[in-house]
Amino acid sequence: MNRNDLRRADINLLVVFETMMHERNVSRVGEKLFLGQPTISGALGRLRVLFDDPLFIRCGRAMEPTLRAEEIFANLSPALDGIAAALSRCQAFDPRTSEATFHIGLSDDVEYALLPRLLRQLRLDAPNIRLIVRRVDQQQMSQRLVNGDISMGISHTHDLPANARRKALRPIRPMLLRADGRSGAVGLDEFCRRPHAVVSSMGSASDDTDQALNLLGLQRKVVLTVPQFSALPVLLAQSDLLAIVPDYVAKAMALTGGLRAEPAPLSLPAQELSMVWRAATHNDPGERWLRSRCNAFLCEPVELQVVPKSRPALHNDQALLAAR
């Protein structure tokens, strides 16, 4: 196909094709693109004529791509990214009047402790934009970016797709959260004796805290695992439960009253909170603006240490004059 033949192509069909490659289900494609199932079925029919291939074969409830569809997708996905990037550069973005919709992924700790402050500022700077937030943990982040479910995410992240970019925002320092009224800090022996609550989206009762204790030949007693941080204040209230949470979560919960945040009684590794985004949106004016706002309000300020300049050594006569 040469460039003149592109007149026969409908970019909307290509978007349907790419979405079907990700979702493998007609109903989910319709929900994601806000289109009815008959429209999606009609688009698939036109795609089959365009590429002269069945493209998708029904296998139970899923639509499995043919080898031809896999080949098309490998070339089409980066091409659509390039088209989106080229079009976005032609569009001005004014946060004061924009009605843009942004799809972002946040881990539970970020949503609980950092999103409220960011949202207050976004409402002042851009009162008409719409923010669609998806709960995304570090295991889901990569796939969400690849699928186009989100254009940007904030979380502790592991491996990312090759076309994603990352910026470190702040360290995630573990802190101890407690609701009892006892005076003094919790020591290591008491820390191991008392019951613990753990927050884990995957239901795991073991984390970095247990690994650090194992290195010391110690262990704690985990009696409760919950999937989200918002449950902790009520669960810890009027109990002797302890919880290790990110520093910004601990401080946010302590402000609500009834909870105390303090350093953990053992050395725990600090992870890194990062902002990640799709390379295709790197130069999009609206996305760049949103990333700058997230960076400004979620990034931990760097404390500059002023180191006094060393004075040159004085000869004896100069030293005597300086002392007078």
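In the block above lies the structure referred to throughout.
The structure presented is a predicted model; accordingly, all values stated were derived computationally and were not measured. (Residues numbered from 1 in each chain as written. Predicted model: local features only at pLDDT ≥ 70, side-chain atom pairs only at ≥ 80, totals over all residues. Heavy atoms only, no water.)

J.: How should I be thinking about the sheet that holds strand β6 (residues 164-172) in this particular structure?
T.: Two strands in a sheet stick together by hydrogen bonds in their backbones, pointing the same way (parallel) or opposite ways (antiparallel). Strand order in the open sheet made by the five strands is β4-β3-β5-β12-β6, with mixed pairing throughout. Edge positions in the sheet fall to β4 (130-135) and β6, since each has one partner strand and no second. Averaged over neighbouring strand pairs, the angle between their axes works out to 20 degrees when direction is ignored. Note that strand β5 (residues 152-155) and strand β12 (residues 271-278) share four bridges and pair antiparallel. In the strand pairing of β12, Gly153 is matched with Val276. (Pairing = 2+ DSSP bridges. Helix = DSSP H or I, 4+ residues; strand = E, 2+ residues; numbered from the N terminus. Axes fitted to C-alpha atoms, helices over the stretch in contact; angles between N-to-C directions.)

J.: What's the story with the pairing of strand β10 (residues 242-246) in this structure? I'm lost.
T.: Successive residues of a regular strand alternate their side chains across the two faces of the sheet. Extensive coverage of β10 is indicated by the burial of five of its five residues. Both strand β7 (residues 174-178) and β10 contribute to a ladder of five bridges, which runs antiparallel. Bridging from a neighbouring strand, Pro174 pairs with Pro246 of β10. Pairing of strand β8 (residues 195-199) with β10, which is carried by two bridges, proceeds in the parallel orientation. Paired with His196 across the strands is Leu242, a residue of β10. (Buried < 20%, exposed > 50% of the residue type's maximum accessible area, 1.4 Å probe, protein only.)

The quantities given are spatial measurements derived from coordinates; they are silent on function.
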